2 protein chains.
Amino acid sequence: MTGRLGLLAFRGSLPALVAAADPDAHVITFRGIAAEVAPTGGAAHRFEKMGAVIKELKRAGCDRIVMAGALARPPLEVTRLDFVTLTFAPKLMKALRTGDDGLLRAVISFFEGHGLQVVGAHEVVPSLVAAPGLLAGPAPDEAALADAARAGEILAALAPLDLGQGAVVAGGLCLGIETLQGTDAMLSAVAATDPERRPRARGVLVKLPKVGQDLRVDMPAIGPQTVAAAAEAGLGGIVIAAGQVLLLDRAALLAAAEAAGLFLYAREV
Amino acid sequence: MTGRLGLLAFRGSLPALVAAADPDAHVITFRGIAAEVAPTGGAAHRFEKMGAVIKELKRAGCDRIVMAGALARPPLEVTRLDFVTLTFAPKLMKALRTGDDGLLRAVISFFEGHGLQVVGAHEVVPSLVAAPGLLAGPAPDEAALADAARAGEILAALAPLDLGQGAVVAGGLCLGIETLQGTDAMLSAVAATDPERRPRARGVLVKLPKVGQDLRVDMPAIGPQTVAAAAEAGLGGIVIAAGQVLLLDRAALLAAAEAAGLFLYAREV
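Computed from a predicted structure; not experimentally measured.

Calculation notes
Within each chain, residue numbers correspond to sequence positions counted from 1 in written order. Chain letters start at A and ligand numbers start at 1, both assigned in the order the entries are written. Totals for whole chains, interfaces and linings use every residue, but because this is a predicted model, local features are given only for residues with pLDDT of at least 70 and side-chain atom pairs only at 80 or more, for both listing and counting. Excluded from the side-chain calculation are hydrogens and water; included are all heavy atoms of the structure. Strands are runs of DSSP state E lasting at least 2 residues, helices are runs of H or I lasting at least 4, and numbering of each runs from the N terminus. The globule rule is 2.2 Å times the number of residues to the power 0.38, and the radius of gyration it is compared with is taken over C-alpha atoms. Summary of the burial criterion: residues with accessible area below 20% of their type's maximum are buried, those above 50% are exposed, and those between are partly exposed, where the area comes from a 1.4 Å probe applied to protein chains only. At least two bridges found by DSSP between two strands is the condition for calling them paired. Structural elements are reduced to axes, namely lines fitted to C-alpha atoms, with helices fitted over the stretch in contact, and the angle between N-to-C directions of any two is expressed from 0 to 180 degrees. We call two residues in contact when some of their heavy atoms are within 4.5 Å. What the arc measures is the spread of directions leading from the helix axis to the C-beta atoms. Copies are brought into register by a least-squares superposition over C-alpha atoms of residues with pLDDT of at least 70 in both. Buried area counts how much accessible surface, traced with a 1.4 Å probe, disappears from two parts once they are put together, with both parts' losses summed. We call two N or O atoms a polar contact when they sit within 3.5 Å, provided that within protein one can donate a hydrogen and the other can accept it, with sequence-adjacent residues counted only if both atoms are side-chain atoms. Note on residue classes: Ala, Val, Leu, Ile, Met, Phe, Trp, Tyr, Cys and Pro are nonpolar, Asp, Glu, Lys and Arg are charged, and everything else, Gly too, is polar. Working definition: roughly parallel below 35 degrees, roughly antiparallel above 145 degrees, roughly perpendicular at 65 to 115 degrees, and oblique for all remaining angles. Crossing handedness: left-handed means the near helix sits turned counterclockwise from the far one by under a right angle, and right-handed means the same turn made clockwise. In this description, a nonpolar core means a group of buried Ala, Val, Leu, Ile, Met, Phe, Trp, Tyr and Cys residues linked to one another through side-chain atoms lying within 4.5 Å. For this analysis, a salt bridge means a side-chain nitrogen from Lys or Arg found within 4 Å of a carboxyl oxygen belonging to Asp or Glu. Note on charges: Lys and Arg go in the positive column, Asp and Glu in the negative column, and His and the chain ends are not counted at all.

**Details of the overall build of chain A**
Across its full length, chain A holds 9 helices and 12 strands. Computed over the C-alpha atoms, the radius of gyration of chain A is 20 Å, within 12% of the 18 Å expected from 2.2 N^0.38 for a compact globule of 269 residues. C-alpha atoms of chain A, sized along the principal axes, occupy 60 × 35 × 30 Å. Split into buried and exposed, the 269 residues of chain A put 52% on the buried side.

So this is what it looks like as structure tokens:
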């Protein structure tokens, strides 16, 4: 009924998981972005030439794509832009000024305008996200759940501003709010908190998508290194949104949480 | 018409400024809090014995007090609590769980319950706060004002949660939100941002009181070291709320901003 899946493969382990789940997927890679999967067409593409990407996907019989892996904003060489990409450039420039959400919305509408539906990696590989409940570690106590609730309130307050995928609360006090630098940077700052100012409670990291965040292309993620950073920051556990947060390297992630004695809990949303 | 001013002197230069502005003020100091002014009564008090503090202030003819200077939550020795302090303890314990605002509201109502009106240091020394307008440095451009407006929106969104006295925005992107660790810690985190992820705009620090924050006892503050940290973080300027942010060491603060080429702008509120 549907055609073939196209896989735009960026950095990290995610593209290989998608490729393993759908071996028929047509893989596209890009110059300057070291992907861990080989391109089906044999050659890496340029971001400046999205016309060629769309042509190859169409020729391969694709009608939907997954964009998988980490992608810092690529430096574009304006002189190399092809016609298809050029027509998209004004929208892209405008979107760049409105934050990540605007940018990703523009990219999605670009592909969909060319007849390629955009789907999320978790729709191809359901084990990339969590079912509700305790995933690893000891069950959170009431104080930890109260801290998680307050962190959730903080993130909800920031959501309308296209901001806030993570927050740390301990004993009711906020120790960190994630900004541009990401979760690990926030956890480093928490770890550096003056011990005398820290409440007695160990604290909880909450990771949620923002309201209206497009989970097809921009899902919050945690991995083993998140657990290591949370343990380093002295936290008691991590709460994520069930179905809406990517679990990178799932087996190692759960093992790390068990080993560190941190709970990992997926909240129903 | 009014009686004498009592000055509860904590750490830093602020108590001396208040004492200089009102040489008739009756100064109270506390053990373990090295104040830069001498106690009028000759002896330092204990936090555990607030009954003695109130008695001394009353005997000196005080009907209002200023609490001036920095005060980390003092470790209380429960066995030393006097009766007056003991009666306050349950309220205090409850307030400690509701964040700084709740704590300070409880402290204010404690003193006012004993007939001592609580006034702000800036009411005694008006030059502690800024009149609206440019205080130092080059005038902010439109982009900087837009960044300041976005930082203001972020702080407004967090205010109902008793959170957020400071935020940094650059090119529309949020680089930092102040949490328990304070402004300097936030600016250190901004300084540590991966240069590749930073927008081209230098960015603006905005310091505002929270909505409902009681400015008599808990005013946001900036000083020369805030300017140094902002410069270290690569920012273009600082925006504060006129009349609602303490200017610590005003002359040195303005000189530091001029020297660093940072604007310091007080926004009308």
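**Some thoughts on unusual backbone geometry**
Even without being glycine, Asp-162 of chain A reaches a positive phi, approximately 60°. Tracing the chain through its elements places Asp-162 of chain A in the loop between helix 6 (142-158) and strand 6 (166-170).

**Here's the deal with the sheet that holds strand 3 (residues 62-68) of chain A**
Residues and elements named next belong to chain A. Reading across the sheet, the 4 strands line up as 2-1-3-4 and stay open at both edges, with parallel pairing between neighbours. Every other strand in the sheet has two partners, leaving strand 2 (26-28) and strand 4 (117-119) as the edge strands with one partner each. Taken over all neighbouring pairs, the strand axes of this sheet differ in orientation by 30° on average, direction set aside. Note that strand 1 (residues 4-9) and strand 3 share 6 bridges and pair parallel. Its bridge partner being in strand 3, Ala-9 is matched across the sheet by Ala-68. Seen against the sheet, helix 1 (residues 14-21) touches strand 1 and strand 3 and runs at an angle of roughly 165° to strand 1.

**Here's the deal with helix 8 (residues 224-232) of chain B**
Residue and element names in this part refer to chain B. Listing the buried residues of helix 8 in full gives Thr-226, Val-227, Ala-229 and Ala-230. Viewed end-on, helix 8 has its buried residues packed into an arc of 165°, placing them on one side of the element. Residues of helix 8 that are exposed and point more than 90 degrees away from the buried face comprise Gln-225 and Glu-232. The secondary structure elements touched by the buried residues of helix 8 are helix 7 (183-191), strand 8 (204-207), strand 9 (221-222), strand 10 (237-241) and helix 9 (250-260). A positive phi of about 80° marks Gly-234, the residue just after helix 8.

**Here we look at the relation of the copies chain A and chain B**
Taken as rigid bodies, chain A and chain B are interconverted by a rotation of 180° and an axial shift of 0.1 Å, the fit giving an RMSD of 0.1 Å. Here the two chains are linked by the operation of a two-fold rotation axis. Within chain A, the C-alpha atom positioned nearest to the axis of rotation is that of Ala-157 of chain A, 2.8 Å from it. Interface overlap between copies is the fraction of interface residues in one copy that are interface residues in the other; for chain A against chain B it reaches 100%, indicating a shared surface.

**Points about the interface of chain A and chain B**
Taken together, the contact between chain A and chain B spans 22 residues of the former and 22 residues of the latter. Contact between chain A and chain B buries roughly 2000 Å² in total, counting both sides, with carbon and sulfur atoms accounting for 63%. Among the residues chain A hides against chain B, the three largest losses belong to Leu-161, Leu-180 and Gln-181 of chain A. Together they make up 31% of the total. Between the two partners, chain A and chain B, sit 12 residue pairs in polar contact (both at pLDDT 80 or more). Counting only elements with at least two residues in the side of chain A that touches chain B, the list comes to helix 6, strand 7 (173-177) and helix 7 (183-191) of chain A. Among the residues making up the side of chain A that touches chain B, the classes are represented as 13 nonpolar, 5 polar and 4 charged.

**A closer look at the packing of helix 8 (residues 224-232) of chain A against helix 9 (residues 250-260) of chain A**
Residue and element names in this part refer to chain A. One way to put it is that helix 8 packs onto helix 9 with a least axis distance of 8 Å and a crossing angle of 20°. On the basis of their axis angle, the class for helix 8 and helix 9 is roughly parallel. Judged by the sense of rotation from one axis to the other, the crossing of helix 8 with helix 9 is right-handed. Each of Pro-224, Val-227 and Ala-231 in helix 8 lies in contact with helix 9, whose residues at this interface are Ala-252, Leu-253, Ala-256, Ala-257 and Ala-260.

**Details of helix 1 of chain A**
All names here are of chain A. Where helix 1 is concerned, the buried positions are Leu-14, Pro-15 and Val-18. Down the axis, helix 1 shows its buried residues gathered within 100° of arc, on one side only. Buried residues along helix 1 sit in contact with strand 1, strand 3, helix 5 (121-124) and strand 11 (246-247).

**So, the sheet that holds strand 12 (residues 263-267) of chain A**
Strands pair in a sheet through their backbones, by hydrogen bonds, and they do so in one of two ways: parallel or antiparallel. Residue and element names in this part refer to chain A. Read from one edge of the open sheet, 6 strands run 5-12-10-8-6-7, paired in mixed fashion. The strands lining the two open edges of the sheet, one partner per strand, are strand 5 (133-136) and strand 7. Averaged over all pairs of adjacent strands, the angle between their axes in this sheet comes to 25°, without regard to strand direction. Those strands touched by helix 7 are strand 6, strand 7 and strand 8 (204-207), and its axis lies near 20° from that of strand 6.

**Section: the nonpolar core**
If you look at the biggest cluster of nonpolar residues, it comprises 92 residues, and the most contacted ones within it are Ile-154, Ile-238 and Ile-240 of chain A together with Ile-154, Ile-238 and Ile-240 of chain B. Filtering out sequence-adjacent residues up to four positions away, Ile-240 of chain B remains in contact with Ala-130, Leu-135, Lys-207, Leu-208, Ile-222, Val-245, Leu-247, Tyr-265, Ala-266 and Arg-267 of chain B. By size, the runner-up hydrophobic cluster in this structure holds 24 residues, among which are Leu-8, Ala-60, Ile-65 and Ile-108 of chain B.

**Here we look at the pattern of salt bridges**
Overall, the coordinates contain 12 salt bridges over all chains when judged by the stated rule. Between Lys-207 of chain A and Glu-178 of chain A there is a salt bridge, with the nearest N and O atoms lying 3.2 Å from each other. You can see Lys-207 of chain A sitting in strand 8 and its partner Glu-178 of chain A sitting in the loop between strand 7 and helix 7, a full 29 residues away along the chain. Comparing Lys-207 of chain A with Glu-178 of chain A shows no difference in burial state: the two are buried. With a closest N to O distance of 3.1 Å, Glu-112 of chain B and Arg-216 of chain B form a salt bridge. Taken together, the positions of Glu-112 of chain B in helix 4 (residues 99-113) and Arg-216 of chain B in the loop between strand 8 and strand 9 put the pair 104 residues apart, joining distant regions of the chain. Ionic contacts of the salt-bridge type, sharing partners, join the residues Glu-112, Asp-214 and Arg-216 of chain A into one network.

**Quick notes on the side chain of Arg-198 of chain B**
Residues and elements named next belong to chain B. On the secondary structure map, Arg-198 appears in the loop between helix 7 and strand 8. Among buried Asp, Glu, Lys and Arg side chains, Arg-198 stands out as unpaired, with Asp-147 the closest opposite charge at 9.0 Å. From its side chain, Arg-198 meets the backbone oxygen of Arg-202 in a polar contact 3.2 Å long. With near-sequence residues (within four places) excluded, Arg-198 lies in contact with Leu-175, Val-190, Thr-193, Ala-233, Gly-234 and Leu-235.

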